[in-house]
Amino acid sequence: MKTPLTPEQIEELKKKHIRSFCMRRGHISSAQEKALEELLPLYQIQYDPNTKLSSKEIFGNDNPVVLEIGCGMGETTAAIAQAHPEINFIGCEVFAAGVGALSKRIRDMDLKNIRIFRHDAVEVVRDMIEGNTLAGVHIFFPDPWRKARHHKRRLINDAFMKLLVPKIKTGGYFHSATDWENYAEQMLEVLSRTEGLKNLHEGAAPEPKNPLIDRPTTKFNERGNRLGHGCWDFVFIKQ
């Protein structure tokens with residue numbers, strides 16, 4: 001006979017979620033590994049479920065804050081931050097090579113307006129982001145989890161959007177992009193039925209831009225165009 005769960009164990013189970021990533025060991029260059037060890041501590045925000053984020057303390061100013069989930073190798077994040085020093089960017093990335101690469105870009109480009117969480121973005125949003133504080137959220141080319149049986153792992157789903165939208169300021173935006181048509185269809189369905197969001201366009205955005213920034217062309221754009229996949233951007237406003 002199984003021992004009944006305690007109330008504390010039940011609450012802990014409620015917090016668990018299906019992760020949108022798999023922590024597998026990928027290739028990391030010596031430069032990225034060095035940056036991970038030496039530079040990341042300069043730019044990292046430590047995950048602490050008992051602490052709410054204070055952008056004033058982190059950046060020393062009251063500039064708008066944009067959260068980017070899944071920075072990849074950091075090209076887009078760094079390019080946007082360089083073009084918009086008046087905006088503070090917080091990136092979430094779990095993979096070592098990407099975090100190392102972005103840390104190196106921050107140093108090499110002398111960027112003052114980027115900080116990094118090396119942690120699961122769902123937990124960061126749930127535990128550390130105050131309500132009505134984000135000017136925008138970027139999720140560019142998240143893992144499409146192509147096989148139907150893996151679609152439940154896709155980050156943009158009803159549960160996550162219900163968690164995320166209250167963290168966005170009224171008038172703030174949510175901007176996602178994908179080069180996978182089936183995921184684009186799912187994104188549009190989920191976002192369209194998410195309470196508090198309104199599509200800035202009819203369907204996908206005609207251009208890869210939102211009220212604050214233009215999204216730079218990425219390798220995923222180029223790959224999608226090369227393979228004939230296309231590319232879809234969705235920009236919704238928090239009402």
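For the structure, see preceding data.
Computed from a prediction, not measured in an experiment: that's the story for all the values here.

Trainee: Which parts of the structure should I look at to understand the overall build of the protein?
Mentor: Counting its secondary structure elements, the protein contains 10 helices and seven strands. Sequence separation of at least 24 residues holds for 82% of the intrachain contacts in the protein that already meet a minimum separation of 6.

Trainee: Which parts of the structure should I look at to understand the sheet that holds strand β3 (residues 114–117)?
Mentor: Strands in a sheet are paired, the pairing made by backbone hydrogen bonds, and the direction either parallel or antiparallel. Strand order in the open sheet formed by seven strands is β3-β2-β1-β4-β5-β7-β6, and the pairing between neighbours is mixed. The sheet is open, and its two borders are formed by β3 and β6 (197–199), each paired with just one other strand. Neighbour to neighbour, the strand axes of the sheet diverge by 20 degrees on average, direction disregarded. Pairing between strand β4 (residues 134–140) and strand β5 (residues 168–178): six bridges, direction parallel. Each bridged residue has a counterpart across the sheet, and for Leu134 the counterpart in β5 is Ile168. Across the sheet, helix α9 (residues 181–192) lies against β5, β6 and β7 (232–238), angled at about 10 degrees from β7, the strand it touches most.

Trainee: Honestly, the packing of aromatic side chains in this entry has me stumped. Any pointers?
Mentor: The geometry of an aromatic ring pair is captured by two quantities: the separation of the ring centres and the angle between the planes. Overall, the coordinates contain zero aromatic pairs when judged by the stated rule. Across the ring face of Phe140, the terminal group of Arg215 is positioned such that the distance to the ring centre comes to 5.8 Å.

Trainee: Please clarify how the pairing of β3 should be interpreted in this entry.
Mentor: Residues in a regular strand point their side chains to alternate faces of the sheet. Here β3 shows two buried faces, one formed by Ile114 and Ile116 and the other by Arg115 and Phe117. Note that strand β2 (residues 88–92) and β3 share four bridges and pair parallel. What sits directly across from Phe89, in β3, is Ile114. For the handedness criterion, the β-α-β arrangement of β2, helix α6 (residues 96–108) and β3 is classed as right-handed.

Trainee: Would you mind showing me how to read the environment of His27 here?
Mentor: The topology assignment puts His27 in the loop between α1 (7–15) and α2 (30–38). Considered as a pair, His27 and Ala96 are 69 residues apart in the sequence and their alpha carbons are 8.9 Å apart. Those residues in contact with His27, other than ones at most four positions away along the chain, are Gln32 and Ala97.

Trainee: Explain the pattern of salt bridges here, please?
Mentor: Pairs can form between side chains of opposite charge once their charged atoms are near each other. The full count for this structure, using the stated rule, is nine salt bridges. Between Asp110 and Lys112 there is a salt bridge, and its shortest N-O distance comes to 2.9 Å. In this structure, the salt-bridge partner of Arg215 is Asp233, at a minimum N-O distance of 2.8 Å. Pair noted here: Arg215 is in the loop between β6 and α10 (219–227) and Asp233 is in strand β7, with a separation of 18 residues, a long-range link. Residue classification places Arg215 among the buried positions, given a relative accessible area of 5%. When its relative accessible area of 5% is taken as the criterion, Asp233 is described as buried. Through salt bridges that share partners, Lys104, Arg107 and Asp108 make up one connected network.

Trainee: How should the packing of α2 against α6 be read in this particular structure?
Mentor: For any two helices packed against each other, the geometry is given by the interaxial angle and the distance between the axes. Where α2 meets α6, the closest approach of the two axes is 7 Å, and the angle between their N-to-C directions is 75 degrees. When the axis of α2 is compared with that of α6, the two are roughly perpendicular. Contact residues: α2 offers Ala31, Gln32, Ala35 and Leu36, while α6 offers Ala96, Ala97, Val99, Gly100, Ala101, Ser103 and Lys104. Considered class by class, the residues forming the contact of α2 with α6 number seven nonpolar, three polar and one charged.

Conventions and cut-offs
- Residues numbered from 1 in each chain as written.
- Predicted model: local features only at pLDDT ≥ 70, side-chain atom pairs only at ≥ 80, totals over all residues.
- Heavy atoms only, no water.
- Helix = DSSP H or I, 4+ residues; strand = E, 2+ residues; numbered from the N terminus.
- Contact = heavy atoms within 4.5 Å.
- Pairing = 2+ DSSP bridges.
- Axes fitted to C-alpha atoms, helices over the stretch in contact; angles between N-to-C directions.
- Phe/Tyr/Trp six-rings, centres within 6.5 Å; stacked < 30°, edge-to-face > 60°.
- Lys NZ or Arg CZ within 6 Å of the ring centre and 35° of its normal.
- Buried < 20%, exposed > 50% of the residue type's maximum accessible area, 1.4 Å probe, protein only.
- Right-handed = clockwise from strand over helix to strand, strands pointing away.
- Salt bridge = Lys/Arg side-chain N within 4 Å of Asp/Glu carboxyl O.
- Parallel < 35°, antiparallel > 145°, perpendicular 65-115°, else oblique.
- Nonpolar A, V, L, I, M, F, W, Y, C, P; charged D, E, K, R; others polar.

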